[in-house]
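Residue-level structural notes
Here is how the chains run, residue by residue.
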Amino acid sequence: MGTAIKIAPSILAADFARLGQAVAEAEAAGADYIHVDVMDGHFVPNITLGPLVVQALRRATSLPLDVHLMIEAPERYLAAFAQAGANHLTVHAETCPHLHRTLQQIHALGCRAGVALNPSTPPVAVSEIVNDADLILVMTVNPGFGGQTFIAGMLDKVQRVRALLDEHGSAAELEVDGGIDPETAPYVVAAGARVLVAGSAVFHTRESIAEAVAAIRRAAETKRPAAPLRAGLGVVEYGA
């Protein structure tokens, strides 16, 4: 496959009453990043957490904190999240009219800069900044809530973003978020993703966190799509 697959458990699905323990278990399980979803109730229909929780997470783990800002005017809060201990700050292309400037601000704060795309936003939205970003995040569900069904139509989009990055010689990581589990992981990896965000498949299973992380990694690294993926908006046959 050439490049190692990274797993980023999303704490949105974790038990917040034992958040530190859940993060510690994810780290012990071999997770590569801890994904932190920040929602403001405006850009997405949900409200989650802020810099103080990121600060607490920073004390609980040595893993990079992959902070996904699903908020309007994210530039107002970049410094606060960076100071709280975020390693990656990902903003949405839809919320940043001056996207290049926002990425510069993130880099100036000493963080890796990411750009996320909603399902309805085409890859062309990041075509001018692919060499300024460290990470491109393709949402494979509509952002706002965990536990949603993977939108199969996004596989083609992941392929197109992969082609865009390769065309520009970009070293940005291609991340996917939404409905990722052992069933969908092989499809997104085959399409070109290398960082897999998983919430419910890690924290809401009968397995332990370690077993869940291992199952996703095993599926991502060893399995190949053998049949159409039936989920979300319809049936998509990879490579068709």
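Let us look at the structure shown here. Here the structure is a predicted model, which is why all the values come from computation and not from measurement. (Residues numbered from 1 in each chain as written. Predicted model: local features only at pLDDT ≥ 70, side-chain atom pairs only at ≥ 80, totals over all residues. Heavy atoms only, no water.)

1. So, the sheet that holds strand 3 (residues 65-70)
- What the eight strands build is an open sheet, ordered 1-8-7-6-5-4-3-2; its pairing is parallel. Pairing within the sheet leaves two strands with one partner each, and these edge strands are strand 1 (6-9) and strand 2 (34-39). The sheet shows a mean angle of 25° between the axes of neighbouring strands, taken without regard to direction.
- With five bridges connecting them, strand 6 (residues 135-139) and strand 7 (residues 173-177) associate as parallel partners. Residue Leu137 lies in a different strand from strand 7, and its bridge partner there is Glu175.
- Packing against the sheet, helix 5 (residues 154-167) makes contact with strand 5 (112-117), strand 6 and strand 7, and its axis sits at approximately 165° to strand 6.
- In the packing of helix 8 (residues 209-222) onto the sheet, the strands contacted are strand 1 and strand 8 (195-198), and the crossing angle to strand 1 comes to about 145°. (Pairing = 2+ DSSP bridges. Helix = DSSP H or I, 4+ residues; strand = E, 2+ residues; numbered from the N terminus. Axes fitted to C-alpha atoms, helices over the stretch in contact; angles between N-to-C directions. Contact = heavy atoms within 4.5 Å.)

2. Some details on helix 5
- With 14 residues, helix 5 ought to run about 20 Å at 1.5 Å a step, and its terminal C-alpha atoms sit 20 Å apart, in line with that.
- All buried positions along helix 5 are accounted for by Met154, Leu155, Lys157, Val158, Val161, Arg162, Leu164 and Leu165.
- Backbone geometry just after helix 5 places Gly169 at a positive phi near 65°. (Expected span 1.5 Å × (residues − 1). Buried < 20%, exposed > 50% of the residue type's maximum accessible area, 1.4 Å probe, protein only.)

3. Some thoughts on the environment of Pro122
- Its place among the elements puts Pro122 in the loop between strand 5 and strand 6.
- Along the primary structure Pro122 and Tyr33 are separated by 89 residues, whereas in three dimensions their C-alpha atoms are 26 Å apart.

4. A few points about the pattern of salt bridges
- Within this structure, the stated rule accounts for seven salt bridges.
- Across the salt bridge formed by Asp156 and Arg160, the nearest N and O atoms sit 2.9 Å from each other. Here the residue Asp156 and the residue Arg160 both occupy positions in helix 5, the gap between them amounting to four residues, near one helical turn.
- With relative accessibility at 39%, the residue Asp156 sits in the partly exposed group.
- We classify Arg160 as partly exposed; its relative accessible area is 41%.
- With a shortest N-O distance of 3.3 Å, Asp166 and Arg162 are connected by a salt bridge. Taken together, the residues Asp166 and Arg162, both in helix 5 and four residues apart, mark about one turn of the helix.
- Relative accessible area serves as the criterion here: at 17%, Arg162 is assigned to the buried category.
- Each of Lys6, Arg112 and Glu173 takes part in a single network of salt bridges with overlapping partners. (Salt bridge = Lys/Arg side-chain N within 4 Å of Asp/Glu carboxyl O.)

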